[in-house]
Amino acid sequence: MTAASSVIAEAQTASGSSQQSVLPAVTVEAGKPATPRRTRRQSTARATRQTQSPAVQPAQGRQATAAAPEGTNSDSLKPMGGRLPQPGIPHPPTQSISVVDRAQIEATSPTGLLDVLASVPGISIARSGGIGGQIYLRGFSSNNFRSPLFIDGDRFRGRNTLQLNYLAPDEVERVEVIRGPGSVVYGSEALTGLVNVVTRSYSGDTSGPFRFTGGGWSAGYGSVANSFSTYDWVKGAGQGFDFIGGFAGRWGSDYQTALGTVPNSDYQSVGGNIKLGYTPDIGQRLELSLRSYSEVDGRAGGVGGAPGAPYLQVRQDPNQVHSARIAYTGELDGLVKHVETSFYVNYFDTKLSTINNTINAAGIATKTVRSTSHVIGPLVIGGRSLAEIPWLGPWGATKTTLGLDGFREARPGSESTSETITRNGTTGVVTSDVFSPYTKQGPDTTQSNVGAFVLHEWKPIQPLTLSAGGRFDWFNTTTDTSPLASTIPANVRAVYASKTNVDQTAPTGSLGFVYAVLPNVDLLGNLATSFRQPTNSELFAVTATQLPNPNLKPESGVTYEGGARFHTTNAELKVTAFDTHYENFLQTVAVTLNGVGGYTQSQNVGKAEVTGVEVEARWQVTPAVNLFTNFAQLRGTNTVTDKPLPFLAPYRGRVGIQYADPSGAYSILGVIDWAASKTRIDPAQEYTTSGYAIPKLYATLQLGKLVSPQLGDTKLILGVENIFNTAYVDASTFVNRSYPRSFTNPLVETGRNISVKVQHTF
């Protein structure tokens, strides 16, 4: 799947106007087809197909992009509209999906992808620094491989803890969030849903001689961390070719809160990307994408960083990713009308610097361990292919989508070095200083996956759409047998070496319906299974007292989901309720080895239930005024221990209003993000958190209209966030209960921030 506009093959979903549809929609993220050249391949047969199947036609005219998904907007000066943005990512029509479009990103000048995702119902954030952190989606953390990240439709796997750091908001066209099980199309890890980031692609005329066709730059400042950001980009086209490329930079100091400065929350990130496209004919597109990013940042708290200073300081220095992707999108004659295929390579490289202090009651650091770990790789190679077959039979209109995808992850063992300093507990005088050179800490491992799916949609009568899907996955995981830590005894080594090559399979499926009970009211229901294959490290984790378990089964889930959608020309309301039951969750248990106790092992013994309600709505009250809101309620229970699942936000939401000047000279956006207090907790793992309501105000000014036409398309984007400088903590932020509560344990969110950004497009 390529990053770009959506093609609605044959018809739209039954959730749209029933008078406009003869087929349910499978929304497919098609490559932004570049402007077609009038070549000899445009035969009479092609022209005939375009006439007979107008809904599946490729983009016409001289523009390089087909229509964007319905409801999406790329200009923050325009009214938001009364329809919620629609996704381009392939999905069953019953799937709950939220979209943050380019206009919303532009209007709020977010620091990172974490801030973009915080606005989505069903998502709460677990901050770890200025730009770092993870998300909780329907009850579980992305850090635990239960809600994967995709970029332009391809899996972005390799740094679950740090993956959100790699994307600058300015290079993002929109963010699509599948809420709920996505395994039937996307395979492992999509237990609770997934995030797909669609990056910017070329738009414009590609005919004629090659030339530069546009570009732009931006420069932004944020007061809360004395931050600066820039994005500079250019595009060009000609002779059927096109390109768009950009450079992004972000720099920030330790951020401020009402409780003081948060140490080790600074960051710097630089990177670039380029997309090269070629359109040999109408509806045919090849695209090559290259990306490279390097960032340095600190973990002030959260996952891997709690409890924070002065006990723990963790930094990524540097944290890098290099990516390449080639994709093809085509509109075809014959049985198969639309195809997509892609191939990608991602390589990760990270150095983690850690300072760990043991501090006594007198405040003296009696022991300091300084370590540097070089996490080499993984190198991930993967790809995806998809084909659509729409057809009309005696029992109604049907569409079948077939897909095949896979990846191979090669993960070398990491290397590390350390220095251990011991001090006198009374005087603080150094009593010993021991240095350990770089050594390889573990064996090389690999994990490979191939999955195939079919998604079938049938419209037997006009108001009803039925959906059924199935998928089958095969996994192979291997490990070398050395090196292992010298502290691991021979009997444990024997267990490790007994099974180093593991094959496993996992089937998943889904059933659903959309029924238009009234022209403006749809009912939706869905039953879906999901799974998560254990990772290399989970299958083969070993220490002197921890035994590997290569026989681990995939974690699995079953979700029952129902909802309704009300839609008019100027308003839309979506309500979704769900109940999910999980089994085979990994949990560490005490075991014996050859009759001897004192060992632990990861086993499939955990069970959980998560229930919730999600609401999302927009109303274009007048041509200039828009009201919008979202809400999520969540409750999770470990059904084995009957304890609450940790780090769940019980109630949270957003309410806002936009005024867009009819002349397009300015727009104003007001938002209140709120959450209820969290008192239902597992006290062994988390603290209670207080409720909050955080007002934010934004304005976009078109200087070319307000100041001088000579300024052209120059926007001044202003913002004030956390207006009252409230000290608050997101309910999902990780804490370390072995240490006292502080403003880094759990990590406090950013204080009042005044942002100023100038953006010029030419």
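Above this text sits the structure in question.
Residues numbered from 1 in each chain as written. Predicted model: local features only at pLDDT ≥ 70, side-chain atom pairs only at ≥ 80, totals over all residues. Heavy atoms only, no water.

## Considerations on the overall build of the chain
1) Next: Secondary structure assignment for the chain yields seven helices and 38 strands.
2) Next: At 26 Å, the chain has a C-alpha radius of gyration in line with the 27 Å of a compact globule built from 762 residues.
3) Next: Judged by the C-alpha coordinates and their principal axes, the chain covers about 85 × 60 × 50 Å.
4) Next: Within the span of the chain, comprising 762 residues, buried residues form 58% of the whole.
5) Next: At a minimum sequence separation of 6, the contacts of the chain that also span at least 24 residues come to 69%.
6) Next: Carbon and sulfur atoms provide 60% of the accessible area of the chain, an area that totals close to 28,300 Å².
7) Next: Between the averaged position of the 62 positive side-chain charges in the chain and that of its 58 negative side-chain charges there is a distance of 1 Å. (Helix = DSSP H or I, 4+ residues; strand = E, 2+ residues; numbered from the N terminus. Rg over C-alpha atoms; globule rule 2.2 N^0.38 Å. Buried < 20%, exposed > 50% of the residue type's maximum accessible area, 1.4 Å probe, protein only. Contact = heavy atoms within 4.5 Å. Areas by Shrake-Rupley, 256 points an atom, 1.4 Å probe, with all protein chains shown as cover. Lys, Arg positive; Asp, Glu negative; His and termini not counted. Charge placed at Lys NZ, Arg CZ, Asp CG, Glu CD.)

## Observations concerning the nonpolar core
1) Next: Counting residues in each nonpolar core, the largest one holds 32 residues, and the members touching the most others are Leu-113, Leu-117, Ile-135, Val-175, Val-177 and Val-195.
2) Next: At the level of secondary structure, the elements contributing two or more residues to this core comprise helix 3 (113-117), strand 4 (123-127), strand 5 (133-137), strand 7 (149-151), strand 9 (172-179), strand 10 (193-199), strand 12 (227-238) and strand 13 (241-252).
3) Next: Tallying contributions element by element places helix 3 first for this core, with four residues.
4) Next: Setting aside anything within four residues of it in sequence, one finds Ile-135 in contact with Leu-114, Leu-117, Ile-123, Ser-124, Ile-125, Phe-140, Ser-141, Ser-142, Ser-147, Leu-164 and Val-195. (Core = buried A, V, L, I, M, F, W, Y, C linked by side-chain atoms within 4.5 Å.)

## Section: the sheet that holds strand 8 (residues 154-155)
1) Next: Spatial strand order, 3-9-10-7-8: five strands in an open sheet with mixed pairing. The sheet is open, and its two edges are formed by strand 3 (96-101) and strand 8, each paired on a single side.
2) Next: Where strand 7 lies against strand 8, two bridges are found, and the strand directions are antiparallel. Along strand 8, the bridge assignment pairs Ile-151 with Asp-154. (Pairing = 2+ DSSP bridges.)

## Overview of the sheet that holds strand 6 (residues 140-141)
1) Next: Read from one edge to the other, the open sheet built from three strands follows the order 4-5-6, with strand pairing classed as antiparallel. Unpaired on one side and paired on the other, strand 4 and strand 6 mark the two borders of the sheet.
2) Next: Here five bridges tie strand 4 to strand 5, and the two strands are oriented antiparallel to one another. Among the inter-strand pairings, Arg-127 is bridged to a residue of strand 5, identified as Gly-133.

## Remarks on a nonpolar patch on the surface
1) Next: Nonpolar side chains collect at one region of the surface, where Ile-274, Leu-276, Leu-288, Leu-290, Ile-326, Phe-343, Leu-379 and Ile-381 lie side by side and expose about 600 Å² of accessible area between them.
2) Next: Residue assignment for the nonpolar patch shows that the elements contributing at least two residues are strand 16 (267-281), strand 17 (284-299) and strand 20 (365-393).
3) Next: Tracing the backbone through its elements, the reader meets Phe-343 in strand 19 (residues 338-359).
4) Next: For Phe-343, a relative accessible area of 43% gives the class partly exposed. (Patch = residues over 30% accessible without salt bridge, like charges linked within 9 Å, V, L, I, M, F, W, Y side chains within 5 Å. Salt bridge = Lys/Arg side-chain N within 4 Å of Asp/Glu carboxyl O.)

## Observations regarding the packing of aromatic side chains
1) Next: This model, assessed by the stated rule, comprises 21 aromatic pairs.
2) Next: Relative to Phe-531, the ring of Phe-475 has its centre 6.2 Å away and its plane inclined at 80 degrees; by these criteria the two rings are edge-to-face. With a gap of 56 residues between them, Phe-475 in strand 25 (residues 464-479) and Phe-531 in strand 27 (residues 521-532) connect regions that are remote in the sequence. You'll find Phe-475 and Phe-531 in the same group, each marked buried. (Phe/Tyr/Trp six-rings, centres within 6.5 Å; stacked < 30°, edge-to-face > 60°.)

## Remarks on unusual backbone geometry
1) Next: A cis amide bond links Gly-377 to the next residue, Pro-378, at an omega of 10 degrees.
2) Next: Secondary-structure assignment places Pro-378 in strand 20.
3) Next: The amide bond that connects Ser-482 to the next residue, Pro-483, takes the cis arrangement and shows omega of 0 degrees.
4) Next: Even without glycine at this site, Glu-189 takes up a positive phi of about 80 degrees.
5) Next: Structurally, the position occupied by Glu-189 is in the loop between helix 4 (183-186) and strand 10.
6) Next: A relative accessible area of 4% means that Glu-189 is categorised as buried.
7) Next: The phi dihedral of Asn-594 is positive, around 55 degrees, even though this residue is not glycine.
8) Next: With respect to the helices and strands, Asn-594 occurs in the loop between strand 30 (571-593) and strand 31 (596-620).
9) Next: For Asn-594, a relative accessible area of 69% puts it in the exposed group.

## Some remarks on the environment of Ser-292
1) Next: Examined against the element boundaries, Ser-292 turns out to sit in strand 17.
2) Next: The spacing of Ser-292 and Thr-639 is 347 residues in sequence and 44 Å in space, taken between C-alpha atoms.
3) Next: Apart from residues lying up to four places away in sequence, Ser-292 is in contact with Val-270, Gly-271, Gly-272, Val-321 and His-322.
4) Next: In terms of polar contacts, Ser-292 uses its side chain to reach the side chain of His-322, at 2.8 Å. (Polar contact = N/O pair within 3.5 Å; in protein donor to acceptor, adjacent residues only side chain to side chain.)

## Quick notes on the pairing of strand 22 (residues 415-423)
1) Next: The pairing of strand 20 with strand 22 spans eight bridges and is antiparallel. Residue pairing across strands places Thr-372 opposite Thr-417, the latter belonging to strand 22.
2) Next: Bridging between strand 22 and strand 23 (residues 430-440) involves eight bridges; their strand directions are antiparallel. From the neighbouring strand, Glu-419 faces strand 23, where its bridge partner is Phe-435.
3) Next: Hairpin connection between strand 22 and strand 23: a loop of six residues separates the two successive antiparallel strands, and Gly-428 in this loop has a positive phi of roughly 80 degrees.

## Thoughts on the environment of Val-729
1) Next: Its place among the elements puts Val-729 in the loop between strand 37 (713-721) and strand 38 (753-761).
2) Next: Note on Val-729: relative accessible area 13%, which makes it buried.
3) Next: Distance in space between the C-alpha atoms of Val-729 and Thr-688 is 9.8 Å, their sequence separation being 41 residues.

## Concerning the environment of Ala-237
1) Next: Along the chain, the position of Ala-237 falls in strand 12.
2) Next: Spatially, the C-alpha atom of Ala-237 lies 28 Å from that of Asp-333, the residues being 96 residues apart in sequence.
3) Next: Residues in contact with Ala-237, not counting those within four places in the same chain, are Tyr-202, Asp-205, Thr-206, Pro-209, Phe-210, Arg-211, Thr-213 and Asp-242.

## Examining the pairing of strand 36 (residues 692-702)
1) Next: Judged by how many residues are buried, strand 36 sits mostly within the fold: eight of 11 residues are covered.
2) Next: Relative to strand 36, strand 35 (residues 666-675) runs antiparallel, the two sharing 10 bridges. Across the sheet, Ala-675 pairs through a bridge with Tyr-692, a residue of strand 36.
3) Next: Pairing of strand 36 with strand 37, which is carried by six bridges, proceeds in the antiparallel orientation. In the sheet register, Ala-699 faces strand 37, and the bridge partner there is Leu-718.

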